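Read off the chains here:
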Amino acid sequence: DCPASVRKQLGKLFAESLKVTVPSEPDVVPLIDACVAKNGVKHADYQCNNAMSLFAKIKGKQTEFKNPRSLGEGIMKNLPPSEMIESCSVAGPGFVNIVLSKKWIAQSVQQVLTDGIDSWAPRLPVKRVMVDFSSPNIAKEMHVGHLRSTIIGDTLARMLEYCKAESLIRRNHIGDWGTQFGMLIAFLFEKFPNPEEVKESDIGDLQAFYKASKLRFDSDPDFKLNAQQSVVKLQGGDPKYLTAWQQICEISRTEFNKVYQRLGVHLEEMAESFFNPLIPPTLEKLEKLGLIEDSEGARVIFVEGVDIPLIAVKRDGGFNYFTTDLASLWYRLNVEKLDWNIYVTDVGQAQHFDMLFKAFKRAGWLPKDSNEYPKCTHVGFGLVLGDDGKRFRTRSSEVVRLVDLLDEAKRRCKVALLERDNAKEWTEKEIEKTSEAIGYGAVKYADLKINRLTNYTFNFDQMLNDKGNTAVYLLYAHARICSIIRKSGKDIEELKKNGNLVLDHEDERTLGLHLLQFTEVFVESCANLLPNVLCEYLYNLSEIFTKKFYSNCQVVGSPEETSRLLLCEATLVVMRHCFYLLGIEPVYKL
Ligand code: ARG
């Protein structure tokens, strides 16, 4: 249920009309769409599109309607009276065009000023949700793919939180277990025979440490053997090896946390190693159900529609990424009792998750119907590319360190800020804070604004451009509106209490309606877990504000000043909420 959605509210009115107009089809769902302007003109705000398909159903039965158009007229005539609607008309083959009342739009926009943006939140039937995102691997590369997962996952978590999910867990399923640790520990012991004395600074850059040990591993058979024995010792729980493992994990964590801190992302860690003890009992349950079979010495599970099986136990008796996911999903469903598990990774893992979910369905641990709860969803995303169209790498073709990337974004923003005419008016602290907000915001927005399934090209010049669809442009638009209100010298809280919002000018009305459409766009963005839909809305909001409203309607000093200031404030409220959902820190001054 979603009282703030215009579409939903119109849907209710049309449902009533349809019941009366076509009593023989009581289950018809009203089809209501927002109208988009063609060549700059829009004939209506919304359209009801039922008449055509409905007429096909009742043809010959209800003879008072000769054609879809007359059915459209019938639907229009039977609409219950409502203060929402200004006028209706039937167009073409039977579309019912709806023009909303500007008074109603104004009142609804004013309501968000008094009641806050939470009053516009849809209540989606989401109960206990987990978003598994970021989830980098320790001592392997934390690459830009993990940055995408972190950014997209955080936004999805914020969106679901806004829908008042009963509880929401942001889970970092860190890859802290696996054969790479044998190599790292062997290397660590070789370099530091006394591992208790190793400090973080000694290993410093874990990525370099990983590379050096990999080099050793690939070139020296003795070392390789040593590494393999180290894995066995670690898995056997040898305290010396466990300590070394923990040390290495700690260093990685420190590095990950630096990225999370800059991005303002909070995650709750439950790493792969946590699930180790749960693997044997989970496999046992699957064995009992007869799901696991032998295949060339490995223990595997076959699932519907996929030729290759999942490998639950490797030929050497070892477990893999997949085994851990079997145990962790079992835990999530049965111990944490989650209703919805969302996994955010690159699309390359789509098959992995498809098979995982199918295995659970086969076991009867998930309902066969994917829309039923508890449910699992894989949210995939495309690659991050460099300007050359290949995977994003540094010049020396190394993995880009995320911290360096964020530093560079901030540095460039700082340079741009210092070049501004009013740079002298800014304190050191303001410059720091603002360049962080814009720099990190730009990196996030560049990622979120495109459909997550497509690859995206990482380009600083593009994302930091202050024109076009970038965070820089949006943040400046926000700051500019703040300054309009500041310069008016009016107390906006006072105006909110006593002022009246009216939308007489066409561009005021367009802006007001767009504000009011926030909820339905948000619902769409949520339904498909597509943050780019929300980005597009935000960009359009800025465009309508700047190019229409602010270009054509004088605010300060005009007779409509109070109302227009209120409209500015409402725009700020909605913009800021979009920023919040996208994890972007607003900027108040420019
Ligand atoms: N560590 C994995 C990777 O880097 C992502 C883990 C996603 N979560 C999961 N439960 N499998 O690709």
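Remember, predicted model here, so these are calculated numbers, not experimental data.

Novice: Account for the overall build of the protein chain, with residues named and values stated.
Specialist: Broken down by element type, the protein chain carries 22 helices and 14 strands. Principal-axis analysis of the C-alpha atoms places the extent of the protein chain at approximately 85 × 70 × 40 Å. Taking all 590 residues of the protein chain together, 54% fall into the buried category. As presented, the protein chain carries roughly 27500 Å² of accessible surface, and 51% of it is formed by carbon and sulfur atoms. Charge centroids of the protein chain, computed over 75 positive and 79 negative side chains, lie 2 Å from each other.

Novice: I'd like a description of the packing of helix α10 (residues 239-263) against helix α14 (residues 402-418), backed by residues and values.
Specialist: Taken N-terminus to C-terminus, the directions of α10 and α14 make an angle of 30°; their axes are 9 Å apart at the nearest point. In terms of orientation, α10 and α14 fall into the roughly parallel class. When you trace α10 past α14, the crossing you get is left-handed. Between α10 and α14, the contacting residues are E255, V259, R262 and L263 on the first element and L402, V403, L406 and D407 on the second.

Novice: Describe the pattern of salt bridges, listing the residues and the values that go with them.
Specialist: According to the stated counting rule, one finds 36 salt bridges in the structure shown. Measuring nitrogen to oxygen at the nearest pair gives 3.9 Å for the salt bridge that ties E25 to K61. Taken as a pair, E25 in the loop between α1 (6-21) and β1 (32-34) and K61 in the loop between α2 (50-58) and α3 (68-77) lie far apart in primary sequence, 36 residues in all. On the basis of relative accessible area, E25 is assigned to the buried category, the value being 18%. One salt bridge connects R148 with D447, and the closest N-O pair in it is separated by 2.9 Å. You can see R148 sitting in helix α5 (residues 144-162) and its partner D447 sitting in helix α15 (residues 428-448), a full 299 residues away along the chain. No difference in accessibility class separates R148 from D447, as the two residues are buried.

Novice: Any chance you could break down the site of the ligand for me, citing the residues and the numbers?
Specialist: Residues in close proximity to the ligand include D132, S135, N137, H146, H173, Y321, D325, Y343, T345, Q349 and F353, which together make up its full environment. Contacts to the ligand include S135, whose backbone N or O atom sits 2.8 Å from a nitrogen atom. The separation between an oxygen atom of the ligand and a polar side-chain atom of Q349 is 2.7 Å. Protein chains bury 92% of the 350 Å² of accessible surface belonging to the ligand in isolation. Secondary structure elements with two or more residues in the shell around the ligand: α12 (321-334) and β11 (340-346). By residue class, the composition of the shell around the ligand is three nonpolar, six polar and two charged.

Novice: I'd love a proper account of the domain arrangement of the protein chain, names of residues and values included.
Specialist: Assigned domains within the protein chain: domain 1 (6-100) and domain 2 (180-247). Measuring from the centre of the C-alpha atoms in domain 1 to the corresponding centre in domain 2 gives 70 Å.

Novice: I'd like to hear about the sheet that holds strand β10 (residues 310-313), residue by residue, with values.
Specialist: With respect to topology, three strands assemble into an open sheet ordered β8-β9-β10, the strand pairing being antiparallel. In this open sheet, the two edge strands, each paired with only one partner strand, are β8 (292-295) and β10. Put simply, the sheet's adjacent strands are angled 50° from each other on average, direction ignored. When strand β9 (residues 298-301) meets β10, the two strands line up antiparallel, connected through three bridges. What sits directly across from V300, in β10, is I311. On top of the sheet, α12 reaches β9 and β10; it is set at about 80° to β10, its chief contact.

Novice: Can you break down the packing of aromatic side chains residue by residue, with the values?
Specialist: Per the stated rule, a full pass over the model turns up 21 aromatic pairs. Both rings, one in F518 and one in Y537, keep their centres 5.8 Å apart while their planes meet at 70°; by these two values the pair is edge-to-face. Here F518 is found in helix α20 (residues 518-527), whereas its partner Y537 is found in helix α21 (residues 531-552), with 19 residues between them in sequence. Clustering of aromatic rings is evident, with ring pairs tying together Y162, F518, F522 and Y537. The aromatic ring of F189 is capped on one face by K240, whose charged end is 4.5 Å from the ring centroid. Sitting above the plane of the W330 ring, K285 keeps its charged end 4.1 Å from the centroid.

Novice: Describe in detail the sheet that holds strand β3 (residues 85-91), supporting the description with residues and values.
Specialist: Taking strand neighbours across the sheet as the criterion, the four strands line up as β1-β2-β4-β3 in an open arrangement whose pairing is antiparallel. Among the strands making up the open sheet, the edge pair consists of β1 and β3. With strand direction ignored, the average angle separating the axes of adjacent strands in the sheet is 25°. Where strand β2 (residues 46-48) and strand β4 (residues 95-100) come together, three bridges link them in antiparallel fashion. Each residue of the ladder has a partner; that of C48, found in β4, is V96.

Novice: I'd like a rundown of α10, residues and numbers included.
Specialist: End to end, α10 covers 36 Å across 25 residues, agreeing with the expected 36 Å (1.5 Å per residue, within 8%). Residues of α10 that are buried include every one of Y241, A244, W245, Q247, I248, C249, I251, S252, F256, V259, Y260 and L263, and no others. The first or second residue beyond α10 is G264, which carries a positive phi of 65°.

Novice: So what's going on with unusual backbone geometry? Residues and values would help.
Specialist: Following Y373, the chain continues into P374 via a peptide bond in cis, with omega recorded as -5°. The residue S135 is not glycine, and still its phi comes out positive at about 40°. Secondary-structure assignment places S135 in the loop between β5 (128-132) and α5. For S135, a relative accessible area of 16% puts it in the buried group. The phi torsion at E296 lies on the positive side, around 50°, for a residue other than glycine. With respect to the secondary-structure elements, E296 resides in the loop between β8 and β9.

Novice: Requested: an account of the pairing of β9, with residues and values cited.
Specialist: Sheet topology places β8 next to β9; four bridges connect them, and they run antiparallel. Residue pairing for β9: E293 is matched across the bridge by V300. Here β8 folds back onto β9 in antiparallel fashion, the turn holding two residues, of which E296 has a positive phi close to 50°.

What counts, and where the lines are drawn
- Residues numbered from 1 in each chain as written.
- Predicted model: local features only at pLDDT ≥ 70, side-chain atom pairs only at ≥ 80, totals over all residues.
- Heavy atoms only, no water.
- Helix = DSSP H or I, 4+ residues; strand = E, 2+ residues; numbered from the N terminus.
- Buried < 20%, exposed > 50% of the residue type's maximum accessible area, 1.4 Å probe, protein only.
- Areas by Shrake-Rupley, 256 points an atom, 1.4 Å probe, with all protein chains shown as cover.
- Lys, Arg positive; Asp, Glu negative; His and termini not counted.
- Charge placed at Lys NZ, Arg CZ, Asp CG, Glu CD.
- Axes fitted to C-alpha atoms, helices over the stretch in contact; angles between N-to-C directions.
- Parallel < 35°, antiparallel > 145°, perpendicular 65-115°, else oblique.
- Left-handed = near helix turned anticlockwise from the far one by under 90°.
- Contact = heavy atoms within 4.5 Å.
- Salt bridge = Lys/Arg side-chain N within 4 Å of Asp/Glu carboxyl O.
- Near = heavy atom within 4 Å.
- Polar contact = N/O pair within 3.5 Å; in protein donor to acceptor, adjacent residues only side chain to side chain.
- Nonpolar A, V, L, I, M, F, W, Y, C, P; charged D, E, K, R; others polar.
- Domains from an automatic or database assignment.
- Pairing = 2+ DSSP bridges.
- Phe/Tyr/Trp six-rings, centres within 6.5 Å; stacked < 30°, edge-to-face > 60°.
- Lys NZ or Arg CZ within 6 Å of the ring centre and 35° of its normal.
- Expected span 1.5 Å × (residues − 1).

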